[in-house]
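Observations on the model geometry
Each chain is listed here by its residues.
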Amino acid sequence: MYSRLDHREVSRLLFKYGASVIQRLDSSVTHLITTDLPIHLKRKQDITPKYSIVSPLWVLQCIQSHKLLPTFPFKIPWPSPSANQSIEKMISPSKLRGSSNQCADSSPPGTSLFPRPTSPYKLKSVGTETEKITPPVTTSPIPQLLKQPPQESPLLKQPPKESPIVNPAVPSPLKPLPTKKPNTRMLTSSENPNFIQDYFEKSRLHHLSAWKAQFQEQLREYLTNNLSHKLSSIKTARNESPPHPHNNNQRLICHVDMDAFFVTVSLLAFPEKRGLPAVVSHSGDNSTVASANYEARKYGIKNGCWLKSAIKACPDLQVLPYNFDEYERVSKKLFSVLASYSDTIQVLSCDEAILDLSQYTHHQAQHIATEIKAIIYKETSCHCSIGIGKNILTARLALRLAKPNGMAVVPPDEELIDWIQQFDIKDLPNVGYSLVQRLSSFNILSIADIQSKDQEQLCSILGAKTGRTLYYSVRGEDHKALCSFQLRKSIGVDLTYAIRFSDNPSIFEFIHKISEEVHRRIASVGARSKKLTLMVKKRAEEAGEAVKYLGHGVCDTYTRSITLQNEIYLPEDISSHAIQIYKKLNIKATDLRGIGIHLSRLVYDSQAKGQTTLQNWLRPLGAKNTLIQSTPFEINLQSPPKL
DNA sequence: ATCCTCCCCTAC
DNA sequence: TAAGGTAGGGGAGGAT
Ligand SMILES: Nc1ccn([C@H]2C[C@H](O)[C@@H](COP(=O)(O)OP(=O)(O)OP(=O)(O)O)O2)c(=O)n1
Ligand SMILES: [Mg+2]
Ligand SMILES: [Mg+2]
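Residues numbered from 1 in each chain as written. Chains lettered and ligands numbered in written order. Predicted model: local features only at pLDDT ≥ 70, side-chain atom pairs only at ≥ 80, totals over all residues. Heavy atoms only, no water.

The subject of this paragraph is the confidence of the model for chain A. For chain A, the mean per-residue pLDDT works out to 74, and 63% of the residues sit at or above 70. At the low end of the mean pLDDT range in chain A sits helix α2 (residues 39–43), at 24; at the high end sits strand β5 (residues 253–258), at 99. Between residues 56–104, whose pLDDT stays under 50, and residues either more than four places distant or in other chains, the model counts 154 contacts. For residues 610–643, every residue scores under 50 in pLDDT, and the model assigns this stretch 79 contacts once sequence neighbours within four places are set aside. This prediction of the complex comes with two scores: 0.76 for pTM and 0.99 for ipTM. (pLDDT = per-residue confidence, 0-100. Helix = DSSP H or I, 4+ residues; strand = E, 2+ residues; numbered from the N terminus. Contact = heavy atoms within 4.5 Å.)

Near DNA strand C there are 47 residues, and of these H206, S283, G284, T496 and K548 occur at the shortest range. Close to the protein, within 4 Å, the atoms of DNA strand C belong to sugar or phosphate groups at a rate of 69%. Within the side chain of H206, an N or O atom sits 2.6 Å from a phosphate oxygen of DNA strand C. Take H282: an N or O atom from its side chain is 3.5 Å from a base nitrogen of DNA strand C. Residue assignment for the surface near DNA strand C shows that the elements contributing at least two residues are α5 (195–200), α6 (204–230), α17 (464–473) and β13 (490–495). (Near = heavy atom within 4 Å. Polar contact = N/O pair within 3.5 Å; in protein donor to acceptor, adjacent residues only side chain to side chain.)

Once that is clear, we can look at the coordination of the magnesium ion (ligand 3). Within the first shell, the magnesium ion (ligand 3) binds the protein through D257 (OD), D351 (OD) and E352 (OE), at distances of 2.2 to 2.3 Å. Each donor residue of the magnesium ion (ligand 3) lies on the same chain, and together they follow the pattern D-x93-D-E. Taken as a pair, the magnesium ion (ligand 3) and the magnesium ion (ligand 2) lie 3.5 Å from each other and share D257 as a ligand. On the accessibility criterion, E352 (12% relative accessible area) is buried. (Donors = N, O, S within 2.8 Å, 3.2 Å for Na, K, Ca; no water. Buried < 20%, exposed > 50% of the residue type's maximum accessible area, 1.4 Å probe, protein only.)

Next up on the list: the sheet that holds β13. The four strands are arranged β13-β16-β14-β15 in an open sheet whose pairing can be described as antiparallel. With one partner strand each, in any of the chains shown, β13 and β15 (555–568) form the two edges of the open sheet. Within the sheet, the average angular offset between the axes of one strand and its neighbour, ignoring direction, is 15°. Pairing analysis gives eleven bridges linking strand β14 (residues 527–539) to strand β16 (residues 592–604), with the strands arranged antiparallel. By the bridge assignment, S529 is partnered in β16 with L602. (Pairing = 2+ DSSP bridges. Axes fitted to C-alpha atoms, helices over the stretch in contact; angles between N-to-C directions.)

Below, the discussion takes up the environment of S281. Examined against the element boundaries, S281 turns out to sit in strand β6 (residues 278–281). Linking S281 and V431, residues 150 residues apart in sequence, is a C-alpha distance of 27 Å. Residue contacts for S281: discarding those within four places in its chain leaves S287, T288, V289, L307, V319, L320, P321 and Y322. Within the structure, S281 has its side chain in polar contact with the side chain of S287 (distance 3.3 Å).

Now for unusual backbone geometry. Put simply, K403 and P404 share a cis peptide bond, and its omega is -15°. By the secondary structure assignment, P404 is in the loop between α12 (392–402) and β12 (407–409). With phi around 50°, N405 is a residue other than glycine that occupies positive phi space. Among the structural elements, N405 can be located in the loop between α12 and β12. Of note, N443 is a non-glycine position whose phi angle comes to about 65°, a positive value. Mapped onto the fold, N443 is located in the loop between α14 (433–440) and α15 (447–451).

Of the protein atoms, only D257 (OD), M258 (O) and D351 (OD) coordinate the magnesium ion (ligand 2), at distances of 2.0 to 2.2 Å. Each donor residue of the magnesium ion (ligand 2) belongs to the same chain, with the gaps between them written as D-M-x92-D.

With the rule as written, the count across this model stands at 15 salt bridges. A single network of salt bridges, built from pairs that share partners, joins D257, D259 and K403. (Salt bridge = Lys/Arg side-chain N within 4 Å of Asp/Glu carboxyl O.)

Throughout the structure, instances matching the rule amount to five cavities of 30 Å³ or more. For the largest cavity, the calculated volume is near 100 Å³. In terms of lining, the largest cavity is formed by ten residues, of which the most central are E217, R220, Q486, L487 and R488. The greatest single-element share of the lining of the largest cavity, amounting to four residues, is contributed by α6. A breakdown of the residues in the lining of the largest cavity according to their chemical character gives four nonpolar, two polar and four charged. (1 Å grid on protein atoms, 1.4 Å probe; cavity = no way out; pocket = protein on both sides within 12 Å on 5 of 7 lines; lining within 4 Å. Points joined across faces, edges and corners; volume = space filled by probe spheres on them. Nonpolar A, V, L, I, M, F, W, Y, C, P; charged D, E, K, R; others polar.)

Time to look at the UniProt feature "domain: UmuC" (unreviewed entry) in chain A. According to UniProt, the feature "domain: UmuC" (unreviewed entry) maps to residues 253–432 in the numbering used here. Across residues 253–432, the secondary structure splits into 39% helix and 20% strand, with the terminal C-alpha atoms separated by 23 Å. (UniProt positions renumbered as here; feature names shortened; annotations may be inferred.)

Right, let's talk about the sheet that holds strand β7 (residues 289–292) for a bit. An order of β7-β6-β8 is seen for the three strands of this open sheet, with the pairing classed as mixed. The outermost strands of the open sheet, each flanked by one partner alone, are β7 and β8 (318–320). Sheet twist, expressed as the average angle between the axes of neighbouring strands with direction ignored, equals 30°. Across three bridges, the pairing between β6 and β8 is parallel.

Within the structure shown, the criterion is met by 19 aromatic pairs. When the ring of F508 is compared with that of Y582, the centres are 6.2 Å apart and the planes differ by 85°; the resulting orientation is edge-to-face. Taken together, the positions of F508 in helix α18 (residues 504–524) and Y582 in helix α19 (residues 571–585) put the pair 74 residues apart, joining distant regions of the chain. Y582 shares its class with F508; the two are buried. If you follow K273 out to its NZ or CZ, it ends over the ring of F270, 5.0 Å from the centre. (Phe/Tyr/Trp six-rings, centres within 6.5 Å; stacked < 30°, edge-to-face > 60°. Lys NZ or Arg CZ within 6 Å of the ring centre and 35° of its normal.)

Structure (structure tokens):
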């Protein structure tokens, strides 16, 4: 009855609803969840265990009824032949958390603002639907202080309720050839032959990803040329400067990030609206806010929230259109300025980078940062903020304090432990919704709480790497290197919006188009691939039409990969493998909600762009640093970020 | 132990 | 109108 997949899912559900799941049997175990009893357990002293042995069905029923049910009807009989069923146990499912995932469909990706950016996948077994989206707590439609309200803002998304009957705005995708074709004309994957380009052109998330790759690449090329010219005898490039001998033998990292980037740039064209609360967003009732300025944030409006709820919180909100060309133009200026100050730069996004200023003293570094800030403003008319610290982690935290339009410096080591306690757990890099939930289920709510745990404890809760990283993070320690020279390890295209098909041939045709796009991208960096991965989103069994207009809704996501004998890069090779995998998944055409094709295990051509970097990247450089004050970051390529 | 696959999570 | 893309770190569990 339970496949391996379901086993994992049960694990996730257990965790989701507040159980602690461990892989061993010890005295803390209250329930053993299994479909049959492993023989090796039977032999042990567990003959009369303290825990109940129950079927996964019990878990699902408990969740559905929102309470702890008696285990009796779900007991598993003792003897059993099969020995390989893996087991899960819950320690204390004392209270099931309120049905927490109904909103899976309501949270746009890439947002940290919403109550539950939870994976739709989890919804499957619970059988709950997206519709009810209960904005957690918070009532006050009153402007909130800048510092975040503990959990929720007043603007939780309230996606439109869908009538269970027929939403005239959403044509049924189930009709192969609808006689009365509604207004999705040219909008969906099946109706628009130029869907991919048309869509990407307007997708902020696509631009974000494409720009990051583009600027990383250009910077890499620029630095490669620049350095090999400057350091004629030494052909290697370095990623970091050695610590300044006078600076306590520590690095100095400087994190620069534009303030409210999109909306600030868009506002340049509307000077009369400066100073007013404003956001950038597509227009319409169902759109998402890409960027909110600090005036708008006073109302609790955040990047990624629904436009609808933003306007509700601030009726006078100025809604500005995207201006992707301008964002790109300003980004170029930004990196041009940064590259003139340091040749150890890591691009984090189109509005953000970290510099290694280890060659300077603290004092000099602050002076330089002040200057950078001023020059960026002079060049772009946009403000940025800067954080300075001894590593990437603390520089980022300082950046938070610096926002908006400020600069902040991390205090000396002795004060770090206390200093870091002013942040929320969620402020730590790589700590998002899920980790916060996990930690809070162990009653770990603050940074101080994390500090009080030893590394072992954290690792047992979070896994080895994550636990260790977090242990050091709350002490302000981070040894991650700054990487100027980054080569992508994978290249892929994902489409999960407005995907509606009625038959497989159209889907195959679509896969061909995606494959062409993937090919263009991998060819443009001069690489081939030895592994192809197909991602497919399929409408979940009990899921209705998506809450979001033409969205994917609640889905099950499948990933299948194939390792190849020979590297591929041609569109027909990509598509033939992808289609082959797709067929095996046996998806009903009308249920398809998303497709992605990714290539990994990349091999870069030796004379193409990748080459210089790959070799140089691995070699640290002992050479002294050359002060580069006026090297412009030449951006030769006028090519658009996509396609 | 270490590698591989299939996720999950995070970030912008 | 709306435009939910992507890369990389990491974990679980099975194969070797
Ligand atoms: N959920 C999100 C987050 C960000 N972005 C885009 C718009 C932002 O302007 C840009 C940069 O992201 P930042 O996280 O740097 O946010 P801002 O620059 O808008 O604000 P700030 O950096 O001042 O916090 O990325 C987006 O489209 N959707
Ligand atoms: Mg920013
Ligand atoms: Mg940013």
